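Descriptive structure summary
For reference, the chains in residue letters:
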Amino acid sequence: MRTAMETQPQQAAEMQTGLPTTPCSVVWSRGHAYVLEGFRARWVGRDDRGRPHAITGAEMQRRGWTLFKTA
């Protein structure tokens, strides 16, 4: 039997480290890219209709995220 680290090393590493904290860091959530605004400590991206959308780090954790775009 394989561990989570063996089957999905990138996801396991992300779950251990948490969200990036460097301003202008990019993460993906639900097929959309989000950028960390350093001076406001919020994640900014676009919704399905292309409108600006901002969420907190806690909301990003609940939604799920990755450092790479997934299909």
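For every chain, the first residue of the written sequence is number 1, and numbering continues from 1 along that sequence. Totals for whole chains, interfaces and linings use every residue, but because this is a predicted model, local features are given only for residues with pLDDT of at least 70 and side-chain atom pairs only at 80 or more, for both listing and counting. Based on all heavy atoms of the structure, the side-chain values leave hydrogens and waters out of the count.

Some words on the overall build of the protein chain
Convention followed: The way it works is that DSSP assigns letters per residue, a run of H or I at least four long becomes a helix, a run of E at least two long becomes a strand, and they are numbered from the N terminus. Relative accessibility thresholds used throughout: buried, under 20% of the residue-type maximum; exposed, over 50%; partly exposed, between the two (1.4 Å probe, protein chains only). Accessible surface area values rest on a Shrake-Rupley calculation with a 1.4 Å probe, where residue burial reflects the displayed protein chains alone.
The secondary structure content of the protein chain amounts to three helices and four strands. What you see in the protein chain, going N to C, is helices and strands ordered as α-α-β-β-β-β-α. Within the protein chain, the fraction of its 71 residues that count as buried is 23%. For the protein chain, the accessible area works out to roughly 5300 Å², and carbon and sulfur atoms hold 55% of it.

Focus on the nonpolar core
Here is the rule: Buried Ala, Val, Leu, Ile, Met, Phe, Trp, Tyr and Cys residues that are joined via side-chain atoms within 4.5 Å together make up what is termed a nonpolar core. Residue contacts follow a heavy-atom distance rule, with two residues in contact if any of their heavy atoms lie within 4.5 Å.
Of all hydrophobic cores here, the largest spans eight residues; its members are Leu 19, Val 27, Tyr 34, Leu 36, Trp 43, Ile 55, Met 60 and Trp 65. If we ignore the near neighbours within four places in the chain, the residues touching Val 27 are Leu 19, Pro 20, His 32, Ala 33, Tyr 34, Trp 43, Met 60, Trp 65, Thr 66 and Leu 67.

Points about the pattern of salt bridges
Basically, it comes down to this: A side-chain nitrogen of Lys or Arg and a carboxyl oxygen of Asp or Glu constitute a salt bridge if their distance falls within 4 Å.
Across all of its chains, the model carries three salt bridges by this definition. The partner of Glu 37 in a salt bridge is Arg 42, with the nearest N and O atoms 2.8 Å apart. Given the relative accessible area of 21%, Glu 37 is considered partly exposed. For Asp 47, the salt bridge identified is with Arg 51, shortest N-O distance 2.8 Å.

A few points about the sheet that holds strand β1 (residues 26–29)
Short version of the rule: Following DSSP output, two strands are said to pair if at least two bridges run between them. Interaxial angles span 0 to 180 degrees and are taken between N-to-C directions of axes, which are lines fitted to C-alpha atoms, for helices over the stretch in contact.
Reading across from one edge, β1-β2-β3-β4 is the order of the four strands in this open sheet, with antiparallel pairing throughout. Two strands lie at the open edges of the sheet, namely β1 and β4 (52–55), each paired on one side alone. Taking each pair of neighbouring strands and ignoring which way they run, the sheet shows an average axis angle of 35°. Pairing of strand β2 (residues 32–37) with strand β3 (residues 42–46), which is carried by four bridges, proceeds in the antiparallel orientation. The residue of β3 that forms the bridge with Tyr 34 is Gly 45.

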